[in-house]
Amino acid sequence: MPTTLDSPAAPVLSKPSGLSVGVLLFRLRALIALFVLIGVFSVLSSAFFTEQNLIILVGQTAINAIMAVGMTFVILTGGIDLSVGSTVGLAAMMSGLLINQGVRIELLGVAIYFNIPMIIVICLCLGLLVGAFNGLLITRFNVAPFIATLGTLYIARGTAQLSNNGATFPNLVGNPELGNTGFPILGAGSILGIPIVIWIMVVFAAVAAFVAAKTPFGRQVYAVGGNERAAELSGIYVNRIKMSVYMICGLCAAMTGLITASQLVAAHPAVGESYELNAIAAVVLGGTSLSGGRGAMWGTIVGALVIGVLTNGLVLLGVQEFWKKVITGLVIILAVVLDQLQERLQQRLALKRA
Amino acid sequence: MDQMESPGKTVSNGTKVVLVAEKMTKRFPGTTALDEVDFTVYAGAVNVLVGENGAGKSTLMKILAGVERATSGRMLLDGSPVEFKSAREAAHAGIGIIFQELNLYPNLSISENIFVARERTRGGVVQHRLQEQLTSELLNRLEQPLNPATLVRDLRMGQQQIVEIAKALSQNVRILIMDEPTSALTAAETEALFHIIGDLRANGVAIIYISHKLEELLTIGDYVTVLRDGKLAAASPARAINVAWIIEKMVGRTVDATRHRIPAAATADDRPVLEVKNLNLPRVGGGFTLENVSLTLRRGEILAIFGLMGAGRTELFECLMGQHPEASGEICLNGRKLQHESIRGRIDLGMMLVPEDRQRLGLIQKLSVAHNITLANLQRFVTAFWLSERREIREINAMIRNLSIKTQNPQQPITSLSGGNQQKVVIAKSLLTEPQLLMLDEPTRGIDVGAKAEIFEIMNQLAEKGLAILFVSSELPEMLTIPDRVMVLSKGKVTGEFLHDRLSEEDLVLAAGSRQQTGRPLPTHHLN
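All figures in this text were calculated on a predicted structure; none of them were measured in a lab.

Participant: Please explain the overall build of chain B as it appears in this structure.
Facilitator: A count of helices and strands for chain B gives 17 helices and 24 strands. Counting every position in chain B, which comprises 528 residues, the buried fraction comes to 50%.

Below, the structure written as structure tokens:
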């Protein structure tokens, strides 16, 4: 078919018109599930839909959501980060160490104490460092993400326990003389009546959603997860992207560690254990494909909220802890099954041109 | 509209109808892929099915092979109605299919692939020796004495095709569907395949053959059925028709199939865009994949690299993109010597590759048409530190318009486009990087005639705008019409170089099969 380089067809960008209501409902299933759960729990428990409980609920969710935001970036590239739970513990212990003991320089016989903002920055940098370590293993030494981060899981947890010989750093209130008071505000304070924790989640989620959807970096994350080789041939520095997502993930985990330590006003070396699984569950519930390249940040937040609502609601209903686990597991499996169904549905739609 | 003899009866020359599909209709939400198509399959004959991408060939084949189920219509096998609920049922009835994208396990051996899911066992243990012996017999029957224990990943495309055929034969197929079997094969491999097809035909197997290579269809085919837009366009015995007839039925109008380009005029600006000197790429285990390859490419010139599979064509492109740090020699782009530049660095310097394997290397399947187009040059759309959607949309639409990419909406998934349009998206992506040197590796592989002509037209227009174009193809007719100059590679060496007006198919084939320089010597400034 002979063609000219200036034929008049003028397509425009708009939302896909052929999108049926069914597909749309399918895509928004996490959100629908969230509303259904909220509805059900509101009916079953009068204590559920109260301002007080909702703030508690969102606060609990925030810890998981912040980790899940970082995890989303990793999973979008087709990777996985199992070390976030340990990074939470490591960052928490680091904050405890810096507040209670400071940095001791034996040679001079002095200890340096930092103020709280500095401590937060140092702990976040520690998270970045853990992420960079993961990224290095994965990009330079070609270790599969699952294995690399599994190794880091143990290393980081071990280091957290070593930092105080397995003991807790208690009473992280600081000392006015050392100028390092105020740490508990992070976990307990609120601005405009809303806990700071929730503000942090909102900021992390908003920035992450923007980065994922609107920046070249975000687009490249999707591309790497969609087809690594093609992305590389399109001039994308695949290794840099991978490195960055693990660092972001480490940063988010460290933030979670700080919040947890601040809420408990103590740093326990076992804090954050199995958190990585909650984060992955939130990402998956939010519709992000574990094989990479597909998903959205808002989905992750919704996913984290679904888990939060489920946990909170079941507690209010007096459901036994063990049943809670069973139900959460079933919900996660259901989400993945639905995800597969959607994939098949879309494939069938795409096949119409075969 | 020509119709074939009515189904069910034996035709004059003794061939027997084995399968009849009547009024096959397949509807997907929003589209009708097949619209009351009748298709007759003759035993001991090559039944060719042809049509542009999206004409419904693949859908029809999938229904015949039990992969998909028809919305309506019926199939008669040996006169009695059949309905296949799965590919397994179809296989039981003697219908085998070889997909365009081969369904082999690269990590398993030839014999393991052939007997996969049908392993010969004794007491639950796989009888590897027996399987390998049976495989050897099959391969010998196909005159391909490969070692049955060889891993499929170590085979060339052509050999993998043979394995697929052997697999089908091991299941006693009566009807063998081949979807574009030659799209990745070299001339020699194609010839071997035709030989095998001839044998199968002589043994009474009905072959259903899908291809975009029209000359090939008439060489090998006995009956030709043309589909267009999901409908039966025409059917005829092959001896009664020619290529022009097929094209006319396929596109519904006559088309200038071979278009001639005015050879690039000698430009005043004679500095080469690309200069490669003594490029060597050592091979693992000794020898060279590329040996002493030198070439020069000027603005507005189209240079084609012709060669058989394994000649080093793709590796040459990989070297140019800096993918082989072990390569030695000199590569200069616009007079600047390339050394350790990354792919990004090379793209920024003005070179861009449209890779051979569209699905694996060219596209991000999970992204939309729009996002695929802008992927390689996102910096171009950055305002402050985010992407300006407005500017993106503007350039995407311009590209879609300029390259006539047929898409209802740029937000559509890339997988919803036909092969030809997907290829245009990869080209659009490359063009947005504003290259001075565009490298296309088999740009027309697996796409239909109409789209091929469009791709060539795009290449011509780009060359006229001053782009230097380097392209690889294993299709001879393309060599004769498109490039200004053809360089032939054989086993990693340049074995010939021909100017457009001094080029014959024989020369090319000869050079491609040889180990020595056979091309007519060219003056250094050949374009003057």
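And the narrative resumes.
Participant: Help me understand the pairing of strand β6 (residues 95-98) of chain B in this model?
Facilitator: Each regular strand displays side chains that alternate between the two surfaces of the sheet. All names here are of chain B. Of the two faces of β6, the one carrying Ile 95 and Ile 97 and the one carrying Gly 96 and Ile 98 are both buried. Relative to strand β9 (residues 175-179), β6 is paired through four bridges, and the arrangement is parallel. Within β9, the residue paired with Ile 95 across the bridge is Ile 175.

Participant: Explain helix α14 (residues 419-431) of chain B to me, please; I cannot follow it from the model alone.
Facilitator: Three or four residues apart is the spacing at which side chains of an α-helix point the same way, because the helix has 3.6 residues per turn. Between its first and last C-alpha, α14 of chain B extends 18 Å over 13 residues, near the 18 Å set by a 1.5 Å rise per residue. With 13 of 13 residues buried, α14 of chain B is to be regarded as a mostly interior element.

Participant: It is not clear to me how the nonpolar core should be interpreted in this structure. Could you clarify?
Facilitator: Across soluble globular proteins, you tend to see nonpolar side chains buried next to one another. Ranked by size, the top nonpolar core spans 254 residues in total, and within it Ala 206, Met 439 and Ile 469 of chain B carry the most contacts. Not counting the four nearest positions on each side in its chain, Ile 469 of chain B is found in contact with Ile 302, Leu 438, Leu 440, Met 459, Leu 462 and Ala 463 of chain B.

Participant: Just checking my understanding: could you explain unusual backbone geometry for this structure?
Facilitator: It is generally the case that most residues other than glycine have a negative phi and that most peptide bonds are trans. All names here are of chain B. Phi angles above zero are rare outside glycine, and Ser 404 is one such case at about 40 degrees. Within the secondary structure, Ser 404 is located in the loop between α13 (389-402) and α14. Since 20 C-beta atoms lie within 10 Å of it, Ser 404 is described here as buried. Even without glycine at this site, Glu 434 takes up a positive phi of about 50 degrees. Here Glu 434 shows up in the loop between α14 and β21 (437-441).

Participant: Any chance you could explain helix α6 (residues 187-202) of chain B here in plain terms?
Facilitator: All names here are of chain B. Along its 16 residues, α6 runs 23 Å from first to last C-alpha, staying within 8% of the 22 Å computed at 1.5 Å per residue. What α6 keeps buried is the set Glu 189, Thr 190, Leu 193, Ile 196, Leu 200 and Arg 201. Here the buried residues of α6 occupy an arc of 140 degrees about the axis, which is enough to place them on one side. In α6, those exposed residues whose orientation departs by more than 90 degrees from the buried face are Glu 191, His 195 and Ala 202. Where the residues of α6 are buried, they touch β3 (46-50), α5 (157-170), β9 and β10 (206-210). Positive phi shows up at Gly 204, right after α6, with a value of about 90 degrees.

The rules behind each value
Residues numbered from 1 in each chain as written. Chains lettered and ligands numbered in written order. Predicted model: local features only at pLDDT ≥ 70, side-chain atom pairs only at ≥ 80, totals over all residues. Helix = DSSP H or I, 4+ residues; strand = E, 2+ residues; numbered from the N terminus. Buried ≥ 20, exposed ≤ 12 C-beta atoms within 10 Å, placed from the backbone. Pairing = 2+ DSSP bridges. Expected span 1.5 Å × (residues − 1). Core = buried A, V, L, I, M, F, W, Y, C linked by C-beta atoms within 7 Å. Contact = placed C-beta atoms within 7 Å. Arc of directions from axis to C-beta.

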